Amino acid sequence: GFSWKLKDHPKLPKGKTIAMVVLDGWGEAKANQYNCIHVAETPTMDSLKNGAPEKWRLVKAHGKAVGLPTDDDMGNSEVGHNALGAGRIYAQGAKLVDSALETGKIYDGEGFKYIKESFETGTLHLIGLLSDGGVHSRLDQVQLLLKGASERGAKRIRVHILTDGRDVLDGSSVGFVETLENDLAKLREKGIDAQVASGGGRMYVTMDRYENDWDVVKRGWDAQVLGEAPYKFKNPVEAVKKLREIPNTSDQYLPPFVIVDDKGKAVGPIVDGDAVVTFNFRADRMVMIAKSLEYEDFNTFDRVRVPKIRYAGMLQYDGELKLPSHYLVSPPEMERTSGEYLVHNGVRTFACSETVKFGHVTFFWNGNRSGYFNPEMEEYVEIPSDSGITFNVKPNMKALEIAEKARDAILSGKFDQVRVNLPNSDMVGHTGDIEATVVACKAADEAVKMILDAIEQVGGIYVVTADHGNAEDMVKRDKKGEPQLDKNGKIQILTSHTLEPVPIAIGGPGLAPGVRFRKDVPNGGLANVAATVMNLHGFEAPSDYETTLIEVGDN
Ligand code: 3PG
Ligand code: CO
């Protein structure tokens, strides 16, 4: 029968303290002025790279290696941390939704049948991120869902859009809204009452995560459910164009708006008897809105009016909370993650990051599952992020505080694994502010140093890696790899992640002599890291895990 017990590794000892450091958004790319990691002073990461060649390598962090539909899909934190923690490659949300739409199975599922009960008398509302970024959602999936739902009886449809500019170029929102409007116009020609009802920028409206700032979700609630927002427009394309003219705003931060009719009345508040679908497949930034739509007991903000709706997520976003209870596509069944195995095998675990990435090293790491496996064996510490600012203003973020917590956890002797996420290069990289991103990379490097110093003191082992690229390339490139210019001859800043591989380094005084990266796993990716770390804890990985990256040579 099944047992959680892992086999002892034939050569590697148990009981070493391991620091597992994930630099968020830290890829490896050519050295040039748009590579903020290269431009920044990063002596610690440089020394790992330039140290023993058998203890540093690159691993894949994008596309099929992390369960995304194609190798044109950039990596992201959800799939990256899922792979790191689960040790296997699961077909991820993006891919599962693609195939459910392609086969039509999405319409036979429990979730669709549930919302369909509202089609006769109620409105179908679709809420989500409108772009082709493929990180949280994809426009082509929304288009198919609109078509499929209308063919299956939805007569009145309202779309509540969140503009992107973070996983795609800033300014691209206008084109996405135009595409959507075209589709809705075609539905209207067929006699379906389909319109955009509200909108706002993803970082300011609805898509907060890890309970960093509930006001973000409240702004969305007011616009989507109550039909109230500071800006009112008759046309969504005009809305986005006009709001982009506000100084210092961008697609990510557009203020909330509602679409109104000739009498100034909102065209699509959510009311009793309606159906609601949140069409993002990615979990982190949907959990909070899902709670507000689903929970009866809810008091983080005043919902004012709580409509009786049939609500389904594109996926179920939290496997432990079973949230939401109805969903159109089943999420990847990530089970037996490395965290759960290690806890069952006596590995005491400490995990820490600041709010904006806290769930990455806990929730994502553990297969989109909130909470502890065993609270006696684990401690998760969240350092409150600065809220209400864009992180280019404070690019150091909480790197120092995270490193101090990690250091203290390492020195305490109470933990066998100390796992952190250092957010700087990603969060500041997403602002598109190159100078600030350089500062961010330096701050992350200093944090790594503090953690490595603590590992040195206790005779431990470190594993330093990243979840996907971001700060190593801050410019949109053409097919030849040259910076792409806009109409005015200015370079186009890349706020998104990249397709680049990420480094992984191992070392520390506790690393047994002879441990080195194998040469026969040239295509290794993030999913290979879990088995590697299990080995370093003195265990063999389960046989269905992606293979380890290390071997023990004779010195
Ligand atoms: C976000 O949600 O901030 C971006 O879309 C992706 O960033 P992450 O994958 O690094 O969290
Ligand atoms: Co990111």
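Residues numbered from 1 in each chain as written. Chains lettered and ligands numbered in written order. Predicted model: local features only at pLDDT ≥ 70, side-chain atom pairs only at ≥ 80, totals over all residues.

For the chain, the domain assignment lists domain 1 (23–92 + 334–445 + 465–480 + 497–552) and domain 2 (97–329). Among the elements that make up the side of domain 1 that touches domain 2, the one with the highest residue count is helix H12 (residues 355–358) (3 residues). Counted by class, the side of domain 1 that touches domain 2 contains 3 nonpolar, 12 polar and 4 charged residues. (Domains from an automatic or database assignment. Helix = DSSP H or I, 4+ residues; strand = E, 2+ residues; numbered from the N terminus. Nonpolar A, V, L, I, M, F, W, Y, C, P; charged D, E, K, R; others polar.)

Turning next to the sheet that holds strand S14 (residues 461–466). Pairing is mixed in the open sheet, where 7 strands are placed in the order S2-S15-S14-S1-S13-S11-S12. Pairing within the sheet leaves two strands with one partner each, and these edge strands are strand S2 (56–59) and strand S12 (378–383). Taking each pair of neighbouring strands and ignoring which way they run, the sheet shows an average axis angle of 15°. Bridge analysis of strand S11 (residues 349–354) against S12 gives 6 bridges, and the strand direction is parallel. By the bridge assignment for S12, Thr 349 is matched with Glu 378. Contacting strand S1 (18–23), S11, S12 and strand S13 (417–422), helix H14 (residues 399–412) crosses the sheet at an angle of about 175° to S13. (Pairing = 2+ DSSP bridges. Axes fitted to C-alpha atoms, helices over the stretch in contact; angles between N-to-C directions. Contact = placed C-beta atoms within 7 Å.)

Lining the immediate surroundings of ligand 1 are Asp 24, Gly 25, Asn 76, Ser 77, Val 135, His 136, Arg 166, Asp 167, Arg 285, Asp 426 and His 430. Taken together, the residues of the shell around ligand 1 break down into 1 nonpolar, 5 polar and 5 charged. Residue contributions to the shell around ligand 1 reach at least three from each of two domains, namely domain 1 (23–92 + 334–445 + 465–480 + 497–552) and domain 2 (97–329). (Near = placed C-beta within 6 Å.)

It is worth spelling out the nonpolar core at this point. With 169 residues, the main nonpolar core has Ala 19, Val 21, Ala 406, Ile 451, Val 463 and Ala 530 as its most contacted residues. Inspection of this core shows a minimum of three residues originating in each of domain 1 (23–92 + 334–445 + 465–480 + 497–552) and domain 2 (97–329). Look past the residues within four positions of Ala 19 in its chain and what remains in contact with it is Ala 406, Ile 410, Val 418, Ile 451, Ile 455, Gly 460 and Tyr 462. (Core = buried A, V, L, I, M, F, W, Y, C linked by C-beta atoms within 7 Å. Buried ≥ 20, exposed ≤ 12 C-beta atoms within 10 Å, placed from the backbone.)

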